[in-house]
Amino acid sequence: MIKDITLGQYFPGNGVLHRLDPRYKIIISGIYIAMLFIGRDYFSLEAGAVFAVMSVIISGIPVKMICKSIKPIMPLLAITALLNLFFITGGDVIFEWKFIIITYSGLETSVFMIIRIVLLIAGTSLLTYTTSPISLTDAIERLLGPLKKLKFPVHELAMMMTIALRFIPTLVEETDKIVSAQKARGSDIDGGKLRDKAKAIVPVIIPLFVSAVRRAGELATAMECRCYRGGAGRTRMKQLKSTSADYIALALSLFFMASVIFVNIVV
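All values derive from a computational prediction rather than experimental measurement. (Residues numbered from 1 in each chain as written. Predicted model: local features only at pLDDT ≥ 70, side-chain atom pairs only at ≥ 80, totals over all residues. Heavy atoms only, no water.)

Draft legend 1. Seen up close, the overall build of the chain. Across its full length, the chain holds ten helices and two strands. Each helix and strand of the chain, ordered N terminal to C terminal, gives the series α-α-α-α-α-β-β-α-α-α-α-α. Counting contacts in the chain only where the partners sit at least 6 residues apart, residues at least 24 apart contribute 73% of the total. (Helix = DSSP H or I, 4+ residues; strand = E, 2+ residues; numbered from the N terminus. Contact = heavy atoms within 4.5 Å.)

Laid out in structure tokens, this is it:
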């Protein structure tokens with residue numbers, strides 16, 4: 001399960017999605033999220049599914065990588081489905097046994113929420129899959145640029161967000177090594193009751209926390225040795241430039257968004 005976490009990983013490529021301006025990719029991701037949550041019916045999910053499939057196809061990212069990004073959230077999907085299934089009432093009763101009552105409304109809401117979360121993870125994962133951490137930092141800083149007039153630490157915030165994303169795969173790999181080391185010492189991490197599993201997590205969390213603090217210190221030292229002083233006066237080797245492909249992608253995402261809004265207003 002740990003090896004299946006792909007959040008924050010970047011897969012180099014030369015696909016259409018890789019070549020888009022990262023600023024537009026962040027904006028399009030925001031439009032995509034809004035499109036999924038504004039809609040109150042399945043049309044928004046259908047539009048989101050079509051948009052996500054199109055994005056995956058032109059990105060060149062293997063479908064199995066998208067599936068790996070969804071696999072770690074399966075427990076969350078199961079809990080969400082059960083809560084909606086048992087606690088939402090309304091409509092015809094499908095199943096009833098003692099205090100357990102499953103209604104048509106609860107089943108429909110449960111399915112709706114699962115599809116929405118899956119599309120959300122599958123679509124937004126493409127942002128980090130097709131954008132390098134450096135490009136993502138530049139894009140966030142450029143988009144939040146107007147806040148600099150309010151003395152807001154835009155560059156520092158963008159750097160913090162990018163470093164956090166960058167170190168997720170590293171921490172996942174470190175966690176896997178610690179778990180393997182603990183198993184080699186005879187620790188039963190996977191087996192036992194829930195209470196035993198909770199106790200077995202402690203020998204994993206403490207070394208992981210120590211390792212994360214050590215890595216943070218090493219990164220801070222390396223940045224100081226390279227005379228890093230923040231965003232003031234810094235230049236960029238690669239300048240962000242918009243192309244016709246960026247405008248087309250933005251227009252297409254706005255079209256999908258407008259379609260969802262239109263259907264929700266008219267229907």
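Next comes the rest of the description.
Draft legend 2. Region of the structure containing helix H10 (residues 244-266). Spanning 23 residues, H10 covers 32 Å between terminal C-alpha atoms, matching the ideal 33 Å at 1.5 Å per step. Of the residues making up H10, those classed as buried are Asp246, Ala249, Leu250, Ser253, Phe256, Met257, Ser259, Val260, Val263 and Asn264. Contacts from the buried residues of H10 go to helix H2 (22-38) and helix H3 (42-59). (Expected span 1.5 Å × (residues − 1). Buried < 20%, exposed > 50% of the residue type's maximum accessible area, 1.4 Å probe, protein only.)

Draft legend 3. Looking closely at the side chain of Ser253. Tracing the backbone through its elements, the reader meets Ser253 in helix H10. Judged by its relative accessible area of 2%, Ser253 falls in the buried class. Only 2.7 Å separates the side chain of Ser253 from the backbone oxygen of Leu250, close enough to count as a polar contact. Leave out the neighbours within four places in its chain, and Ser253 touches Ile28, Ile31 and Phe51. (Polar contact = N/O pair within 3.5 Å; in protein donor to acceptor, adjacent residues only side chain to side chain.)

Draft legend 4. Representation of the environment of Met159. Relative to the helices and strands, Met159 resides in helix H8 (residues 154-184). For the pair Met159 and Thr137, spaced 22 residues apart in sequence, the C-alpha separation works out to 6.0 Å. If sequence neighbours within four positions are ignored, Met159 has contacts with Thr137 and Tyr228.

Draft legend 5. Structural view of the pairing of strand E2 (residues 100-103). Pairing geometry for strand E1 (residues 93-97) and E2, over four bridges, is antiparallel. Pairing of Trp97 across the sheet is with Ile100, part of E2. The antiparallel hairpin formed by E1 and E2 contains two residues in its connecting segment, where Lys98 sits at a positive phi of about 55 degrees. (Pairing = 2+ DSSP bridges.)

Draft legend 6. Seen up close, the packing of aromatic side chains. For the coordinates displayed, the defined rule picks out six aromatic pairs. Consider the rings of Tyr32 and Phe51, whose centres lie 5.8 Å apart with planes at 25 degrees: the pair is stacked. Remark: Phe51 occurs in helix H3 and Tyr32 occurs in helix H2; sequence separation between them is 19 residues. Members of the aromatic cluster, joined through ring pairs, are Tyr32, Phe51, Phe255 and Phe256. (Phe/Tyr/Trp six-rings, centres within 6.5 Å; stacked < 30°, edge-to-face > 60°.)

Draft legend 7. Seen up close, the pattern of salt bridges. Across all of its chains, the model carries two salt bridges by this definition. With its nearest N and O atoms 2.6 Å apart, the salt bridge here joins Asp21 to Arg23. A salt bridge links Glu174 to Arg215, with the nearest nitrogen and oxygen atoms 3.1 Å apart. With Glu174 in helix H8 and Arg215 in helix H9 (residues 194-225), the pair connects residues that are 41 residues apart, well separated along the chain. Glu174 gets classed as buried once you look at its relative accessible area, which sits at 16%. (Salt bridge = Lys/Arg side-chain N within 4 Å of Asp/Glu carboxyl O.)

Draft legend 8. Representation of the environment of Thr124 in the model. With respect to the helices and strands, Thr124 occurs in helix H6 (residues 104-129). Taking the C-alpha atoms as reference points, Thr124 and Ile26, separated by 98 residues in sequence, lie 9.2 Å from one another. Apart from residues no more than four positions distant in its own chain, Thr124 is found in contact with Tyr32 and Ile33. Looking at Thr124, its side chain comes within polar contact range of the main-chain oxygen of Leu120, at 2.5 Å.

Draft legend 9. Expanded view of the nonpolar core. Within the largest apolar cluster, 31 residues are counted, with the highest numbers of intra-cluster contacts made by Tyr32, Met35, Leu36, Phe51, Ile61, Ile66 and Leu126. Those elements that provide at least two residues to this core are H2, H3, helix H4 (63-70), H6 and H10. What Leu36 contacts, discounting residues up to four positions off in sequence, is Ser44, Leu45, Gly48, Arg116, Leu119 and Leu120. (Core = buried A, V, L, I, M, F, W, Y, C linked by side-chain atoms within 4.5 Å.)

Draft legend 10. Region of interest: the packing of H3 against H10. Running from N to C, H3 and H10 cross one another at 170 degrees; their axes reach a closest spacing of 9 Å. Here H3 lies roughly antiparallel to H10, going by the angle between them. Contact residues: Phe43, Ser44, Ala47, Val50, Phe51 and Met54 in H3; Leu252, Ser253, Phe256, Ser259, Val260 and Val263 in H10. (Axes fitted to C-alpha atoms, helices over the stretch in contact; angles between N-to-C directions. Parallel < 35°, antiparallel > 145°, perpendicular 65-115°, else oblique.)

Draft legend 11. Spotlight on a nonpolar patch on the surface. Residues Tyr42, Ile94, Phe95, Trp97, Tyr104, Leu107, Val111 and Ile115 make up a contiguous nonpolar surface patch of about 740 Å² in total accessible area. Here the element with the most residues in the nonpolar patch is H6; it accounts for four residues. Locating Phe95 in the fold gives a position in strand E1. Taking relative accessible area as the criterion, Phe95 reaches 41% and is therefore assigned partly exposed. (Patch = residues over 30% accessible without salt bridge, like charges linked within 9 Å, V, L, I, M, F, W, Y side chains within 5 Å. Areas by Shrake-Rupley, 256 points an atom, 1.4 Å probe, with all protein chains shown as cover.)

None of the figures reported here should be taken as evidence of function without further support.
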